[in-house]
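Read off the chains here:
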Amino acid sequence: MYKMAVIGKDVSKSDSAKMHTFDFRGLGSACEYELISVAKEDLDATVRRLLDGYDAFNVTIPYKLDVIPYLDRLEGDARTFGAVNLVKDKVGYNTDGVGFLLLLENNGIRPQGMKILVLGAGGAGRSVVKKLADAGADVFVYDLRGESVERLYREFGCFTPLAAVEPADYDLIVNVTGVGMHKTEGISPVGEEVLARTKMACDLIYYPRKSEFLRIAESLGKPILNGEGMLFYQAYYGDCIVLGREPDAEEAKALFAQYRLAYPD
């Protein structure tokens, strides 16, 4: 039985425990999984406790960069993005990017040649921006914290930084800000004037199932996509790391289909 957890500022409504335990069963193993909401001042003690007593743990908003100083090294996409969503044996990994691309693929979205606006340049935003650019998209990035965009541009230089969001003809707008959940539920990071000019909208928020951002887009007749699939796929890829097995995209898709049947709401 693997002992695992997720830490974030507020993970009280997270589906991570449900998804990871489902994944582990599907992969022939089992895990005990905790949701741990952590205030900034308690992060140090919490991370040290998890490093000492857990097989692995996941990291979500807003601590994907904050955990890095506690680790011995970063691997793969975590090293590329400078953000971590999985820690195992004091090594940091990031499966957000592969999870996001699989979400798009499974919904018939091919980023190559698309004009895409990404809202948010934090931990998950870094992964999304780099993966989209590497996949051949023309990426534009805005964050309320302009310094986050500037820092990301200095690192990657693979997108167009925006100082403000103006209505423009985008093929896709992706919300990676976290605005629309928890205390900001019912709020959208952009309004009708911006969403009216996009062809489709994707929100990495999965609770509520339809954020205000997606509600507005849908009311304008736009196809919408929430982040549940990405969360599941990044969990699957992370669980393969924990279990020491090779991930398989088709296996991930099949497991997600089974998960949606088991948990339709």
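Residues numbered from 1 in each chain as written. Predicted model: local features only at pLDDT ≥ 70, side-chain atom pairs only at ≥ 80, totals over all residues. Heavy atoms only, no water.

1. Let's talk about the nonpolar core
Test applied: What makes a nonpolar core is a set of buried Ala, Val, Leu, Ile, Met, Phe, Trp, Tyr and Cys residues whose side-chain atoms join them at distances within 4.5 Å. Here's how the labels work: a residue is buried when its accessible area is under 20% of the maximum for its type, exposed when over 50%, partly exposed in between, all with a 1.4 Å probe on protein chains only. A run of H or I in DSSP becomes a helix once it reaches four residues, and a run of E becomes a strand once it reaches two; helices and strands are each numbered from the N terminus. Pairs of residues are marked as contacts when any of their non-hydrogen atoms sit within 4.5 Å.
Within the largest apolar cluster, 43 residues are counted, with the highest numbers of intra-cluster contacts made by Phe100, Val118, Leu132 and Val139. Looking at this core, the element that brings in the most residues is helix 9 (residues 228–243), giving 7 residues. Setting aside anything within four residues of it in sequence, one finds Val118 in contact with Val128, Val129, Leu132, Val139, Phe140, Val141, Tyr142, Val174 and Val176. One finds Val38, Val47, Leu71 and Val84 within the second-largest nonpolar core, a separate group that totals 18 residues.

2. Some remarks on the pattern of salt bridges
To keep things clear, this is the line we draw: Here a salt bridge means any side-chain nitrogen of Lys or Arg lying within 4 Å of a carboxyl oxygen belonging to Asp or Glu.
Applying the stated rule across the entire model yields 22 salt bridges. The residue Lys88 makes a salt bridge to Asp89 at a minimum N-O spacing of 3.0 Å.

3. Observations regarding the layout of surface pockets
Put simply, the rule is: The pocket and cavity definitions rest on a 1 Å grid over protein atoms only: a 1.4 Å probe that fits but cannot leave marks a cavity, an open set with protein on both sides within 12 Å along at least five of seven lines marks a pocket, and residues lining either have an atom within 4 Å of a point. Grid points are joined across faces, edges and corners, and a volume is the space filled by probe spheres set on the points. Under the scheme applied here, ten amino acids are nonpolar (Ala, Val, Leu, Ile, Met, Phe, Trp, Tyr, Cys and Pro), four are charged (Asp, Glu, Lys and Arg), and all others, including Gly, are polar.
In this structure, the second largest pocket spans a volume of roughly 180 Å³. Taken together, 14 residues make up the lining of the second largest pocket; nearest its centre are Leu103, Asn107, Leu225, Asn226 and Gly229. Each residue belonging to the lining of the second largest pocket can be placed in one class, and the counts come to 6 nonpolar, 4 polar and 4 charged.

4. Things to note about the pairing of strand 3 (residues 56–59)
This is how it is decided: Pairing between two strands is assigned when DSSP locates at least 2 bridges connecting them.
Side-chain alternation along strand 3 places Ala56 and Asn58 on one buried face and Phe57 and Val59 on a second face that is also buried. Sheet analysis places strand 3 next to strand 5 (residues 86–88), joined by 2 bridges and oriented antiparallel. From the neighbouring strand, Asn58 faces strand 5, where its bridge partner is Leu86.

5. Here we look at the sheet that holds strand 6 (residues 91–93)
Strand-to-strand pairing in sheets goes through backbone hydrogen bonds, with the strands running parallel or antiparallel. In spatial order, the strands read 2-1-3-5-6-4; together these 6 strands make up an open sheet with mixed pairing. Each edge of the sheet is formed by a strand with only one pairing partner; in this case those strands are strand 2 (31–37) and strand 4 (73–74).

6. A short note on the side chain of His20
Threshold: As used in this structure description, the phrase polar contact means that two N or O atoms lie within 3.5 Å; if the pair is within protein, one of them must be able to donate a hydrogen and the other to accept it, and residues adjacent in sequence are counted only when both atoms belong to side chains.
For His20, the position within the fold is in helix 1 (residues 16–26). Among the polar contacts listed, one links the side chain of His20 to the side chain of Asn58, at a separation of 3.2 Å. Not counting residues up to four positions away in its chain, the partners in contact with His20 are Met4, Cys31, Tyr33, Asn58, Ala235 and Asp239.

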